[in-house]
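Structural overview for review
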Amino acid sequence: MDRVSPTLRLVVDHLPDCPVMVFSRSGAVLWRNGPAVALFGDGGVEVLDRRGDLASYRRQVLVDPVEGQILLILI
């Protein structure tokens, strides 16, 4: 979790039950919580490419422009 920006870390800490993944700009997974691993396994950028899987979820995307990190929250 030390690779995740402080801004996104604050959000992640308040969402223990939602599947949450933090990506770098290139799509590398920097961090994921237990529910995200249960849903998608250990995948990286290919998770973003599986739009069929993601289409069935409401999702929120937050971007930290300073760190260039993306937080994907599935609800």
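Predicted model, so just to flag it, every value in this text is computed and none were measured. (Residues numbered from 1 in each chain as written. Predicted model: local features only at pLDDT ≥ 70, side-chain atom pairs only at ≥ 80, totals over all residues. Heavy atoms only, no water.)

This paragraph deals with the nonpolar core. Within the largest apolar cluster, 8 residues are counted, these being V4, L8, V12, V20, V22, L30, L71 and I73. By size, the runner-up hydrophobic cluster in this structure holds 6 residues, among which are M21, V29, A36 and L72. (Core = buried A, V, L, I, M, F, W, Y, C linked by side-chain atoms within 4.5 Å. Buried < 20%, exposed > 50% of the residue type's maximum accessible area, 1.4 Å probe, protein only.)

Turning our eyes to something else, we now look at the environment of I73. Here I73 is to be found in strand β4 (residues 69-74). Under the relative-accessibility criterion, I73 is labelled buried at 7%. Taking the C-alpha atoms as reference points, I73 and L15, separated by 58 residues in sequence, lie 8.7 Å from one another. (Helix = DSSP H or I, 4+ residues; strand = E, 2+ residues; numbered from the N terminus.)

Here R3 lies in the segment before α1 (6-13). Separated by 28 residues in the primary sequence, R3 and W31 place their C-alpha atoms 7.9 Å from one another. Dropping the residues within four chain positions of it, R3 is found in contact with V29, L30 and Q69. There is a polar contact of 3.5 Å between the side chain of R3 and the backbone oxygen of V29. (Contact = heavy atoms within 4.5 Å. Polar contact = N/O pair within 3.5 Å; in protein donor to acceptor, adjacent residues only side chain to side chain.)

So, on to the side chain of S24. Along the chain, S24 falls in strand β1 (residues 20-24). Given the relative accessible area of 16%, S24 is considered buried. Beyond its immediate stretch of four places on either side in the chain, S24 contacts L30, G68 and I70.

Quick look at the pairing of strand β2 (residues 29-32) now. Inspection of the sheet shows β1 paired to β2 by 3 bridges, in the antiparallel sense. The partner of V22 across the bridge, within β2, is W31. A loop of 4 residues connects β1 with β2, the two strands running antiparallel in sequence, and G27 in this loop sits at a positive phi of about 100°. (Pairing = 2+ DSSP bridges.)

With 5 of 5 residues buried, β1 lies mostly within the body of the structure. Neither face of β1 is open: one carries V20, V22 and S24, the other M21 and F23, and all of them are buried.

Let's shift gears to the environment of A36. Checked against the element boundaries, A36 lands in helix α2 (residues 34-40). Between the alpha carbons of A36 and P19 there is a distance of 4.1 Å; along the sequence they are 17 residues apart.

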